[in-house]
Amino acid sequence: MSLLSFRNSEKVVMRRNTFGMDICCRKGSRSPLQELYNPTQLELSNTAILHQMRRDQVTDTCRANSVTSRKRRVLTPNDLKHLVVDEDHELIYCYVPKVACTNWKRVMMVLTGRGKYSDPMEIPANEAHVSANLKTLNQYSIPEINHRLKNYLKFLFVREPFERLVSAYRNKFTQKYNTSFHKRYGTKIVKRQRKNATQEALRKGDDVKFEEFVAYLIDPLTQREEPFNEHWQTVYSLCHPCHIHYDLIGKYETLEDDSNYVLQLAGVSSYLKFPTYAKSTKTTDEMTTEFFQNISMEHQTQLYDVYKLDFLMFNYSVPSYLKLE
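Reading the values: rules and limits
- Residues numbered from 1 in each chain as written.
- Predicted model: local features only at pLDDT ≥ 70, side-chain atom pairs only at ≥ 80, totals over all residues.
- Heavy atoms only, no water.
- Axes fitted to C-alpha atoms, helices over the stretch in contact; angles between N-to-C directions.
- Helix = DSSP H or I, 4+ residues; strand = E, 2+ residues; numbered from the N terminus.
- Parallel < 35°, antiparallel > 145°, perpendicular 65-115°, else oblique.
- Left-handed = near helix turned anticlockwise from the far one by under 90°.
- Contact = heavy atoms within 4.5 Å.
- Pairing = 2+ DSSP bridges.
- Buried < 20%, exposed > 50% of the residue type's maximum accessible area, 1.4 Å probe, protein only.
- Core = buried A, V, L, I, M, F, W, Y, C linked by side-chain atoms within 4.5 Å.
- Domains from an automatic or database assignment.
- Expected span 1.5 Å × (residues − 1).
- Polar contact = N/O pair within 3.5 Å; in protein donor to acceptor, adjacent residues only side chain to side chain.

**Focus on the packing of helix 5 (residues 101-112) against helix 14 (residues 255-265)**
Right, on to step 1. Between helix 5 and helix 14, the shortest axis-to-axis distance is 13 Å and the interhelical angle comes to 15°. Taken as axis vectors, helix 5 and helix 14 run roughly parallel relative to one another. The way helix 5 lies across helix 14 gives a crossing that is right-handed. Judged by residue contacts, W104, V107 and L111 of helix 5 engage S259, V262 and L263 from helix 14.

**Topic: the sheet that holds strand 6 (residues 248-251)**
Right, on to step 1. Taken in spatial order, the 4 strands line up as 3-4-5-6 in an open sheet, and their pairing is mixed. The open sheet has two free edges, formed respectively by strand 3 (83-86) and strand 6, since each of these has just one partner strand. Across the sheet, the mean angle separating the axes of adjacent strands is 25° when strand polarity is ignored.
Right, on to step 2. Seen against the sheet, helix 5 touches strand 3, strand 4 (91-94) and strand 5 (153-158) and runs at an angle of roughly 25° to strand 3.
Right, on to step 3. Sitting on the sheet, helix 14 is in contact with strand 5 and strand 6, with an inclination near 150° to strand 6.

**Points about the pairing of strand 6**
Looking down a regular strand, the side chains alternate between one sheet face and the other.
Right, on to step 1. With burial as the criterion, each face of strand 6 is covered, one bearing L248 and G250 and the other bearing I249 and K251.
Right, on to step 2. The pairing of strand 5 with strand 6 spans 4 bridges and is parallel. Bridge pairing links L156 to I249 in strand 6.

**Points about the nonpolar core**
Right, on to step 1. Core analysis: the largest hydrophobic core is formed by 93 residues, its most contacted members being W104, F155, F162, F213 and W232.
Right, on to step 2. Per-domain counts for this core show at least three residues from each of domain 1 (43-67 + 74-161 + 234-266) and domain 2 (162-231 + 283-310).
Right, on to step 3. Excluding anything up to four places from it in sequence, W232 contacts R164, L165, A168, K172, F173, F181, Y185, F213, Y216, L217 and Y307.

**A short note on helix 8 (residues 161-173)**
Right, on to step 1. The first and last C-alpha atoms of helix 8 sit 18 Å apart over 13 residues, in line with the 18 Å expected at 1.5 Å per residue.
Right, on to step 2. Burial runs high along helix 8: 13 of the 13 residues are buried.
Right, on to step 3. The backbone nitrogen of F162 has a side-chain oxygen 3.0 Å away, supplied by the residue at the start of helix 8, namely E160.

No statement about biological role is implied by the geometric values presented.
Right under this line is the structure:
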């Protein structure tokens, strides 16, 4: 498989504010990139300042942690399988599980469907996760990849790392219907982390405790065996923000505003709004605090180290409930 070096293309990307003529306009209109960096509306320009600060935070963190973050100078097409491409509106969305990614995939299906869908919420959740329904960047040739990275608006959505982790645990290990996760990961976690486990627990893996899940995540053997599952993999490893320059970083905490800003930049906000609905089961900060009550100081510190770059890069402070060594 060919390798992609992004060093040169990133230099081009970082100078993008000046806007060369290489950014092509869709059907005579301005591209989302032009609308972001040279906004025509005052309300957009105020929001643009906030997003510039978020971009700067990522750039500064990458620079400060250059030893760890630049270790891999080269990305392979396999690293790009989370980047969903919308050709018609010149958008690239890196999806992060447990950060409204089902709804964003639904929106991307509306955007790329050429009239097939109009209401994102009419698309069943399981259909949004069928990989054939959306095109990802790894499916293109290397020149096509570089062209899109340079000319399309690239965005992702992030969430407080431990809240996202608790959300993943609750969804994958406490719901009885998630038998594939219980078999694939639960059995392994029970076997490795539970002394005197019953034969049933070893066979089913459907009663993993949060403390066991944390112990599994911080065990060096885990990542030596295989990469983390995408539901608890770091955003840093899923979306490669030190190698790919994201134009817009949305946050789960301001999901509606940030999502509708992307749709505004894409010129579709008159007929497409990001779906909002209050999920009664949503993982909150209070819930997360509760889950961490039984985690030892040593394990909290080791877990923070695993997700440290996500905390720093996206400007999340160390949670007040943590007792770090």
